[in-house]
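# Summary of the model geometry
The primary structure of each chain is shown beneath.
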Amino acid sequence: MTMIFIQINLVATIPANVFNTPNLTKRVIIAKKPKPSMVPNKAPVVDAPAVIQSIEVRTQNGDLPEELRAKVLGVIQTKVGQATSNEQLTKDVNAIQSIGSFQGVQVVPEQTADGLKLIYVVQLLGAVRQVTLNTLPANSSSVLSQTDVDGVFKDLYGQRLDIENLKKRVEQLKQLYQTRGYELAQVINAKSLDTDGKLALVVVEGVIEDVQVRFMDKERKPLVDAQGKPVRGSTRDFIITREMQSRPGTVLNNKTVQQDLQRVYGLRIFEDLGISFQPGTDPSKVVLVINVLEGKSISTTFGGNLGSSSGLALSASGQLNNLGGNGQKLGADLQLGKDTLYNINFTDPWIAGDPNRTSYSVNLFQRRSLSLIFDGGTTPQSVLGTGDTPRVARTGGGISFNRPLNSNPFDRQGWVASAGVEYQGVTLQDSSGNVAIQDTANKPLTFSNTGRDDLLMVQLGLSQDSRNSFFSPNQGALLRLGVDQSVPVGAGNISMTRLRGDFTQYVPIGIFGSSPKQALTLNVQGGTILGDLPPYEAFSLGGNTLRGFGDGAVGAGKSYAQASAEVSFPLFSFLGGALFADYGTDLGTGNLVPGNPAGTRGKPGSGFGYGAGIRIDSPFGPLKFDYGINDQGGSRIHFGISGGF
């Protein structure tokens, strides 16, 4: 009589098809007698095929749920009344093991009076008490907590391990990884279900081995020389990599990478950015490659205009966008004519060696503009004897610092503090550049009553930005608070405290589906001035933030409050529409401004405007055109850059 014994040696390991990987190896042992402890690899071949008279499926204790017995009988190819062989029985064992409910399988032949009987003895998998994660490379910690893992597999705890249920939970685990941005995470294997009921899943989460910078040409291809070697750009690598939370040793997270790219793009020195991956030295690691297309390092513009009062004026502006490859910017604007006006500024986005991401800006300026405080209204007044409107000329300079306050300097949604100091020498002038001391009613135009004031301001600010986009937000909020305190020095000896606040909330709406161009935007802002108030420093109302009115046409007060609501929606891929309503008031403080310039010109002090507009995505940023109607019976077309208030 030929006896056949077949055993699969898995010791409670999980079949590889759970993870769609070939990592687990199945071993089949064949012998003449049932000796479970016998040494593998000594597997004699059955001398001749045997005809099976009956088949039985059971556990070592004899009991087996009918459902599992039916599954076994459904997958084996050996049938009653047919001959079998070692090869056929090996296939049967593999088929039974693939059911995923058994730890081991033995095939035991038994000679009966009716003929050869085959007994398939199966060993059920044990009960699962807990599932844990073993991450590669070894000794690395998972980005998921044990609480996260338990939340996925808790329904399996206390139950006998079933591979089909395990497959479903593994897929849920993969979804959890992807939801949190870990796109490269994979469950590749499983360790033995130990005697305590712990099942360890082997996971590759995608650890970043290195971050490399690669420069591209205009066709978005790698920039190489004639020998095909990579060519370096002008930007130093650390200027890019220091903006990134994705660093060697961290697990690659798609959401974090997108935030990193936004910060790098926010340096405004690159025309295009992208990422790609290269395999690391270990299958569990990846090399993150940042592909950058540098923008123009120098930009210049030239122009000129001819005015009846100012004569011929030539203008030029230029900017070095990436000074020394350090991401620093140096810009200058110059106007030559009857007046020489300039603005020179330097910005360092991150002071080298500072772990707190502190930036600073320095500027020197001489500028002149029409004063909206003394212009417009229903009863325009001749301020100067020449009949024209005063110009405010300011000469000075300043320095300001910005620094994130949260523990993570990369968190764009945290608080950011700013501090700076600025000096302005302020002169009121007529159109010819002569100093203007008083208006035609003998009311002073400056606080010192000499036509000249000195303003030395200490400026403090606090902001929090939780918007989901810089340019086209449809969710989140932006809060800005500021206080400017003048130091009483020089002409006027001015002691002034200016308080300001501005809050904008973006609410996504679903009228036309999901689109960043679709949102309800609500804005409230206000401010007040305590102490001394030079009239040219009053809050001016009207214009792009109070649409339907001209610039400064509503009022000029020591305090103000304003509210706006706007619904934006897409029209075409590059074009959107908007409906809006604005309200602003000087809170009855117009007469507190020295000389009451708003009241003498018949400015109402408050106003309401509403209308519609279009939004255009342009290479220069978002452009906005609005047509507003006001409650005084007038209307106005407004143009602006960016979508903010």
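In short, a report on the structure. Computed from a prediction, not measured in an experiment: that's the story for all the values here.

Moving on: the overall build of the chain. Along its length, the chain carries seven helices and 30 strands. In the chain, which comprises 645 residues, the proportion classed as buried is 43%. Of the roughly 31500 Å² of accessible surface on the chain, a fraction of 54% belongs to carbon and sulfur atoms.

If you check which residues of helix α3 (residues 146-153) are buried, you get Asp148, Val149, Val152 and Phe153. For α3, the angular spread of the buried residues around the axis is 120°, confining them to a single face.

Looking at the secondary structure, you find Gln159 in the loop between α3 and α4 (163-179). Distance from Gln159 to Ala127, taken between C-alpha atoms, is 5.0 Å for residues 32 residues apart in sequence.

Attention now goes to the pairing of strand β8 (residues 186-190). Most of β8 is tucked away: four of the five residues are buried. Sheet topology note: the β8/strand β9 (residues 198-204) ladder contains four bridges and is antiparallel. Note on β9: the bridge partner recorded for Asn189 is Val202.

This part takes up the packing of α3 against α4. The geometry of α3 relative to α4 is characterised by a closest axis approach of 9 Å and an angle of 140° between their N-to-C directions. Considering the angle they form, α3 stands oblique to α4. You can see that α3 and α4 cross each other, and the crossing is right-handed. On the side of α3, the interface is formed by Asp148, Val152 and Phe153, while α4 contributes Leu166, Arg169, Val170, Gln172, Leu173 and Leu176. Grouping the amino acids of the contact of α3 with α4 by side-chain chemistry returns six nonpolar, one polar and two charged.

Scanning the entire structure with this criterion turns up six aromatic pairs. Each ring, one from Phe625 and one from Phe639, has its centre 5.0 Å from the other, and the planes form 45°; the classification is tilted. With Phe625 in strand β29 (residues 621-630) and Phe639 in strand β30 (residues 635-641), the pair connects residues that are 14 residues apart, well separated along the chain. Clustering of aromatic rings is evident, with ring pairs tying together Phe346, Tyr360 and Phe401. Looking at Arg367, its charged tip hangs above the ring of Phe365, at a distance of 4.0 Å from the centre.

So, how was this worked out
- Residues numbered from 1 in each chain as written.
- Predicted model: local features only at pLDDT ≥ 70, side-chain atom pairs only at ≥ 80, totals over all residues.
- Heavy atoms only, no water.
- Helix = DSSP H or I, 4+ residues; strand = E, 2+ residues; numbered from the N terminus.
- Buried < 20%, exposed > 50% of the residue type's maximum accessible area, 1.4 Å probe, protein only.
- Areas by Shrake-Rupley, 256 points an atom, 1.4 Å probe, with all protein chains shown as cover.
- Arc of directions from axis to C-beta.
- Pairing = 2+ DSSP bridges.
- Axes fitted to C-alpha atoms, helices over the stretch in contact; angles between N-to-C directions.
- Parallel < 35°, antiparallel > 145°, perpendicular 65-115°, else oblique.
- Left-handed = near helix turned anticlockwise from the far one by under 90°.
- Contact = heavy atoms within 4.5 Å.
- Nonpolar A, V, L, I, M, F, W, Y, C, P; charged D, E, K, R; others polar.
- Phe/Tyr/Trp six-rings, centres within 6.5 Å; stacked < 30°, edge-to-face > 60°.
- Lys NZ or Arg CZ within 6 Å of the ring centre and 35° of its normal.

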